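# Analysis of the macromolecular model
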Amino acid sequence: MAPMTGSLSAHLPIHAAPLQTQAVQARAWQAPSGTEKAALPESSSGARQPAVALASVAAVAVGGAAAKANRRRRRSSAFALTVVRGVDAGRHGASRIAARSVAVGAGLTRISPDEYIREDIRNIAIIAHVDHGKTTLSNNLMKQTRGKEEAALASMDSNVLEAERGITILAKNAALEYKGVKINLIDTPGHADFGGEVERILNMADACVLLVDAQEGPMPQTKFVLKLAIKLNKKVLVCINKVDKPNARPSWVLDTTFDLFSSLGADDEQCDFPVSYASGFLGKASVEGPDKLQDDLMPLLDQILEQCPKPIAKADMPLQMLVSNLDYDDHLGRVCIGRIVSGSLKLGQEIGIKYGENGALRTTKISKLYEFNNNGRREISEMLAGDICAFTGSDKDVVIGDTVVDPKDPRPLPPIEVQEPTVELEFGPNTSPLANKDIMTKWVTSAHIKARLEKECLTNLALRFSPDGNENFKVKGRGTLQLGILLENMRREGFEMMVGAPQVLTRKVEGTKQLEEPWEEAIIECPDEYQNDVMEEMLRVGGELQNMGDGSMKGLTQLIFHIPTKMLIGMQGKLMMMSRGQAMLSAQFLRWGTYKSGDFKAREQGSISNSADGEANHFSLGKMGKFGGFFVEHGTPVYPGMVVGINNKADNIEVNIAKGKGSDNMRNKNKETAETVSPVIRMGIDEYLGWMDTDEKLEVTPGALRLVKANSKALSAR
């Protein structure tokens, strides 16, 4: 008999009796009475090998009265599935698939003529506010389910910036096996600026674990991601994490989380959420209480197996897979990632790609097919509906939101929709006198910048860009952090560019001339002694106080404001200065609200700009120190219009920081002057974006960051 091909249901006989499952061990399996036996192809050694990703296996009926009773209660039965797993992708560039049989669980249960329940898979996302422990918990889940002989597990925060900042920026797929079930695990960003990642990733999951800090409780991003999950009708499992903190208050957190569910319109079933307690750092969990942690995270995994809905596989329907994420491989090109809704994908299969009902149909072939394995991917010959996979071979125009379809019967899914951007930056080539002088610079032209932005927009749905004339581009995103991360990545890749000050977007109310602007909910936690100062500053810039209460620790106050987004730019730095670094600000997009007109100053202190070419020196830095602090130090190249410091007063001043001291007989004067120079003020991209004013531009190079007045003659002369 020929090797098995076609749909999943063609290989899985439907029986009334419940069946025991067992791994494939023999050359062929004995089919139940009335079904055809499927032979396995012979390898070169004469042994029979599985030929497809999912093959039928031996089904042994359970006899006796108990089996008859079960047969009456259930109309469908479960079958064991055998998966042909491949070697880890990318190892020495190997493209060969090494077949090995793995029994992955209880198989399928038919629930309708066209639908099955996948008993062997769970698809779950981990969502939370920033720094509530998603990545640490995910890493320990995978470490505890891997064999002892396997190498140490790499962190899910594999991006360099993620490791440096300790936050998740990009959504990532992983998978682990527990009790014969494959759990597809999706780690999502925790900061509001990367909410677009969360929105599209939830489309791949059947449920989500909502992680809440046992001390802080629900925060703005907690509210955002939970609102999305409830809107998409996803099953939510609440895990109160970091219960090992000295000031943990899990009971209060649980009550507050329940109130949050109710306030977001969750129904009774959604409010009756399962709860677990964990310490992701210690790798311990419990479903009984915060004081009854087990020695591992298995209680959480058991709860996932029990509570997470099993994916529905539309095995006999035409192929449908929504592209929810994109990756790039230097050798293989674009990698498409998504969940197969119906049908199956096979290595070498011809597929169609279509964006929505009105999109054009493009065809291509799958050159590589992968399943997720811990933090990596490994090759596989076939993937069926209900699972998450990745493949290469797609055309260069594929974008997130495309549907992979059967070219003979294309049925595209609705494209992914995310919230619109709220902040805009102007990108353009570097026009300063110091442009292209950094030894690490590689890309300087407008064409290079455009190509890089196009590449970024392919994988980042929350980002938009458009030409703005004079070789410049308007880049729109969710917030200054998201745009700052993009700038930092481009800078490390060797780009040089000039960037304008952040501008908050507005829109007109349909049918009227009334303007609206984005508003945010800002939660500030500060020591009690700075409460009045913080409240006064927030009210001064137009914030509306919503609530005031105890913070996460004794001696802290929590303040909740509704405030226009434009008023929050640079606010974190202001609050940190007035509270000696102790105030913490978290914000989340709230709504489009009434535009607040009037003069808006991004900062209260003025700037100190330079008036001549040259280098900063000790003499001038010491002499000008009475005016304020400086971004430059002795030997730093400067040019006219370059902002070299922060004035102590509100007005802007201009100095010649390159002017040296005239020669005299006082040999030690320069040394004495150097000792009186204040320490240099060092800022990163995020700090500059929060501090710079609308009449300034930021010069971004792989080495230095320089602020310059936009009307500087040094820029226009180039």
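Please read these numbers as outputs of a predicted model, since none were measured by experiment.

### Observations regarding the overall build of the protein chain
Counting secondary structure elements, the protein chain contains 17 helices and 43 strands. Partitioning the contacts of the protein chain with sequence separation of at least 6, the portion at a separation of at least 24 is 71%.

### A word on the environment of G359
Relative to the helices and strands, G359 resides in the loop between β19 (350–354) and β20 (362–365). For the pair G359 and D402, spaced 43 residues apart in the sequence, the C-alpha separation amounts to 9.0 Å.

### Regarding the sheet that holds strand β12 (residues 235–241)
With mixed pairing, the 7 strands of this open sheet are ordered in space as β9-β10-β8-β11-β12-β13-β14. Across the chains shown, the open sheet's two edge strands, defined by having one partner strand only, are β9 (172–178) and β14 (284–286). The average angle at which neighbouring strand axes cross in this sheet is 25 degrees, direction not considered. Here strand β8 (residues 121–128) pairs with strand β11 (residues 207–213) via 5 bridges, running parallel. Residue A125 lies in a different strand from β11, and its bridge partner there is C208.

### What about unusual backbone geometry?
Positive phi values are uncommon outside glycine, yet K179 reaches one of about 55 degrees. Within the fold, K179 resides in the loop between β9 and β10 (181–187). Backbone geometry at K242 places phi at a positive 65 degrees, although glycine is not the residue there. Topologically, K242 is positioned in the loop between β12 and α6 (250–263).

### Structural notes on the sheet that holds strand β15 (residues 312–313)
Strands sit in the order β6-β7-β15 across an open sheet of 3 strands; the sheet is antiparallel. A strand with exactly one partner marks an edge of an open sheet, and here the two such strands are β6 (108–112) and β15. Across 4 bridges, the pairing between β6 and strand β7 (residues 115–118) is antiparallel. Residue pairing in the sheet places S112 in a bridge with E115 of β7.

### Notes on the confidence of the model for the protein chain
When pLDDT is averaged across the protein chain, the result is 77; 76% of the residues are at 70 or more. Within the model, pLDDT remains below 50 along residues 1–106, and this stretch shows 197 contacts once partners closer than five positions in the same chain are excluded. This stretch, residues 151–155, has a pLDDT under 50; its non-local contacts, to residues over four places away or in other chains, come to 12 contacts.

Rules of the game
Residues numbered from 1 in each chain as written. Predicted model: local features only at pLDDT ≥ 70, side-chain atom pairs only at ≥ 80, totals over all residues. Heavy atoms only, no water. Helix = DSSP H or I, 4+ residues; strand = E, 2+ residues; numbered from the N terminus. Contact = heavy atoms within 4.5 Å. Pairing = 2+ DSSP bridges. Axes fitted to C-alpha atoms, helices over the stretch in contact; angles between N-to-C directions. pLDDT = per-residue confidence, 0-100.

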